[in-house]
Amino acid sequence: MKRSVLSATLGPALVAGLAVLPATATAAAAPAAPAVRTHAVPAYAGPVEAAANNQAFFRAVMASAKARQAADPWLQTVTVTYDTTNAPSFAGDIANAAQIWNSSVHNVQLQEAGGTGDFSYTEGDGSGSYASTDGHGHGYIFIDHQQAQEYYSLRIVAHETGHVLGLPDDYSGPCSELMSGHGPGPSCTNAHPDANESAQVDALWANGVASAN
């Protein structure tokens, strides 16, 4: 498993924020076409460059959040919006995943945006589910149909959304840790972040601004 659109007022800032990112980060962020599957059921890992894509998108979101806070120093919560148009099969899971995260953290909230957003969900047949960015201020989560049949789909969606909020993978972790992804195996159906993961996200988004280091 890997990693919504910021509110409409953040759209331009997000694009502008990418301009200050290191060239290597934006280059790594370009999404690759899904690889041809060579095994029956892929794990959540996604393409090799997924980790770099996750970090690049998170940095872009952070740049936009900082720009918004500059205009509103009293900002306490950042709203990250998302689009589900291209993932109709997982609309229920996406709504539930957003609700899970919104009830687990305080400094950032997820909100669906009809047809537009900094972040979108898409579905299809690929080499596993992952989060990515096109390097131009827009990110997306890809949900693999076959993977979602083997693993608990809500856990996949919540896990990938965790990347958008700044959390890395930790496949060696227990089932109680959302970002352990496929590590605990298909029998794991936990779709909630543990207390430590929630605290990490709130720390990253403290006062509406995260440290992108």
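Look a little higher up for the structure.
As the structure is a prediction and not an experimental result, all values here were calculated from the model.

Q: Can you tell me about the state of the cysteines, naming the residues and giving the values?
A: This structure, assessed with the given rule, holds one disulfide. There is a disulfide in this structure between Cys175 and Cys188, and the S-S distance comes to 2.0 Å. Given an S-S torsion of about 90 degrees, the disulfide between Cys175 and Cys188 has right-handed geometry. With Cys175 in the loop between α6 (153-164) and α7 (195-204) and Cys188 in the loop between α6 and α7, the pair connects residues that are 13 residues apart, well separated along the chain. We classify Cys188 as buried; its relative accessible area is 4%.

Q: Go over α6 with me, naming the residues and quoting the values.
A: Here α6 is 12 residues long and its end C-alpha atoms lie 17 Å apart, about the 16 Å a rise of 1.5 Å per residue gives. For α6, the buried fraction is high: 12 of the 12 residues fall into the buried class. The set of residues buried in α6 consists of Ser153, Leu154, Arg155, Ile156, Val157, Ala158, His159, Glu160, Thr161, Gly162, His163 and Val164. Trailing α6 by a residue or two, Gly166 shows a phi angle of about 110 degrees, which is positive.

Q: Can you break down the packing of aromatic side chains residue by residue, with the values?
A: Counted by the stated rule, this structure contains four aromatic pairs. Ring geometry for Tyr82 versus Tyr121: centroids 5.7 Å apart, planes at 90 degrees, classification edge-to-face. Here Tyr82, found in strand β1 (residues 78-86), pairs with Tyr121, found in strand β3 (residues 119-124); they are 39 residues apart in sequence, far enough to count as distant. Pair check on accessibility: Tyr82 and Tyr121 agree, each one buried. Centroid distance Phe119 to Tyr121: 5.3 Å. Interplanar angle 85 degrees. Geometry classified as edge-to-face. The same class applies to Phe119 and to Tyr121, which are both buried. Within the aromatic cluster, the residues linked to one another by ring pairs are Tyr82, Phe119 and Tyr121.

Q: If you had to explain the nonpolar core to someone new, which residues and values would you point to?
A: Residues Trp101, Tyr121, Val201 and Trp205 are the most contacted members of the largest nonpolar core, which totals 34 residues. Every element with two or more residues in this core is listed here: α3 (50-71), β1, α4 (91-104), β2 (108-112), β3, β5 (139-144) and α6. Among residues more than four places away in sequence, those in contact with Trp101 are Leu110, Ala158, Thr161, Gly162, Leu165, Leu167, Leu178, Pro193 and Val201.

Q: Quick rundown of the environment of Gly139? Include the residues and the values.
A: Its location among the elements puts Gly139 in strand β5. For the pair formed by Gly139 and Ser120, sequence separation is 19 residues and the distance between their alpha carbons is 6.5 Å.

What counts and how
- Residues numbered from 1 in each chain as written.
- Predicted model: local features only at pLDDT ≥ 70, side-chain atom pairs only at ≥ 80, totals over all residues.
- Heavy atoms only, no water.
- Disulfide = S-S within 2.5 Å.
- Helix = DSSP H or I, 4+ residues; strand = E, 2+ residues; numbered from the N terminus.
- Buried < 20%, exposed > 50% of the residue type's maximum accessible area, 1.4 Å probe, protein only.
- Expected span 1.5 Å × (residues − 1).
- Phe/Tyr/Trp six-rings, centres within 6.5 Å; stacked < 30°, edge-to-face > 60°.
- Core = buried A, V, L, I, M, F, W, Y, C linked by side-chain atoms within 4.5 Å.
- Contact = heavy atoms within 4.5 Å.

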